[in-house]
Amino acid sequence: MLLNHENIKMKTFILIHGSWHSAWNWHKVVPVLESKGHKAMAIDLPGMGRDKTPIQNVTFETTVKNICDLIDTIEGKVILIGHSKNGIMISQVAEYRPEKIEKLIYLAAYLIPNGKTQTEYSSQDIYGVLKPFVTRYPETNSHTLQEEIYKEGLYHDCEDYITELAKILLSQEPVESGITPLKLTDRNYGRIRRFYIECTEDKAVTPFIQQKMYQETPCEKVHKMNTSHSPFFSKPQELCDIFLEIATS
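Quick caveat: nothing in here was measured; it's all calculated off a predicted structure.

Quick notes on the rules
- Residues numbered from 1 in each chain as written.
- Predicted model: local features only at pLDDT ≥ 70, side-chain atom pairs only at ≥ 80, totals over all residues.
- Heavy atoms only, no water.
- Pairing = 2+ DSSP bridges.
- Helix = DSSP H or I, 4+ residues; strand = E, 2+ residues; numbered from the N terminus.
- Expected span 1.5 Å × (residues − 1).
- Buried < 20%, exposed > 50% of the residue type's maximum accessible area, 1.4 Å probe, protein only.
- Polar contact = N/O pair within 3.5 Å; in protein donor to acceptor, adjacent residues only side chain to side chain.
- Contact = heavy atoms within 4.5 Å.
- Core = buried A, V, L, I, M, F, W, Y, C linked by side-chain atoms within 4.5 Å.

A. Structural context of the sheet that holds strand E7 (residues 173-174). Strand order in the open sheet formed by 3 strands is E5-E6-E7, with antiparallel pairing between adjacent strands. Only two strands of the sheet have a single neighbouring strand rather than two, namely strand E5 (134-137) and E7. With 4 bridges joining them, E5 and strand E6 (residues 142-145) adopt antiparallel strand pairing. By the bridge assignment for E6, Tyr 137 is matched with Ser 142.

Take a look at the structure:
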């Protein structure tokens, strides 16, 4: 059934990028959502993209606080969308600001229960292709992804220029957030409506681990897209249609 998006009450979407990426992930998505009368905010997490916080100074808690501080400046509730690793960020933000969050949307994202870490689940994803191509920097407690796996691992269904942009824009990210246990309660996090978007051709966070996570932590609805890890590049209109369907539900 087609939705009449023009009749949807204005929503505020906050878009959280995944590992090594930044706000540019959403450059095809933001205009679509805004053209329907909504507010869409794609942010650079601390130490990523245009945010110049030294990577060795970035922690899980300071990143979560950064998102909470942004939400505190916005009137009304927001819809939080987290991609990939940074599903952990939207979960922890929801714990701290449950009264400000209308819905959580996990896009091929880590949906981790209380007391567990993102690394505990990524280590179980034996089908992913990225791990051999991660370069670690112990001096700054960070890591990055090697260029030769970009196309196959992240963008196999995307236009080639996306891979070329990634060679310029992808950066290091902190290790610490992936090994920090989430602190979630039923009273706060548990009361927020959750939705999952599975990417069925994903080679970075594979369907195997995506399904394991949303089966262990059930969501109200699971949508499926036949895409790589990056549907915001390969199928932005279809992705926005799902966002808008969730927004109206």
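That covers the picture; the talk isn't over yet.
B. Layout of helix H9 (residues 236-248). Its 13 residues place the ends of H9 18 Å apart at the C-alpha level, agreeing with the 18 Å of an ideal helix rising 1.5 Å per residue. Within H9, the full set of buried residues consists of Pro 236, Leu 239, Cys 240, Ile 242, Phe 243, Leu 244, Ile 246 and Ala 247.

C. View of the side chain of His 17. The residue His 17 is located in the loop between strand E1 (12-16) and helix H1 (29-35) in this model. A relative accessible area of 0% means that His 17 is categorised as buried. A distance of 3.2 Å separates a polar atom in the side chain of His 17 from the backbone oxygen of His 21. Discounting residues that sit within four places of it in the chain, His 17 has contacts with Ser 22, Ala 23, Asn 25, Trp 26, Ile 43, Asp 44, Leu 45, Met 48, His 83 and Asn 86.

D. Inspection of the nonpolar core at higher detail. Counting 39 residues, the largest nonpolar core has Trp 26, Val 29, Tyr 155 and Phe 243 as the members making the most contacts within it. Sorting elements by how many residues they give to this core places H9 first, with 7 residues. Ile 43, Leu 80, Val 93 and Tyr 196 belong to the second largest nonpolar core, which has 38 residues in total.

E. Quick peek at unusual backbone geometry. Within the chain, Ser 84 stands out as a residue other than glycine whose phi angle is a positive 60 degrees. Within the secondary structure, Ser 84 sits in the loop between strand E3 (78-83) and helix H3 (87-96). You can call Ser 84 buried: its relative accessible area is 8%.

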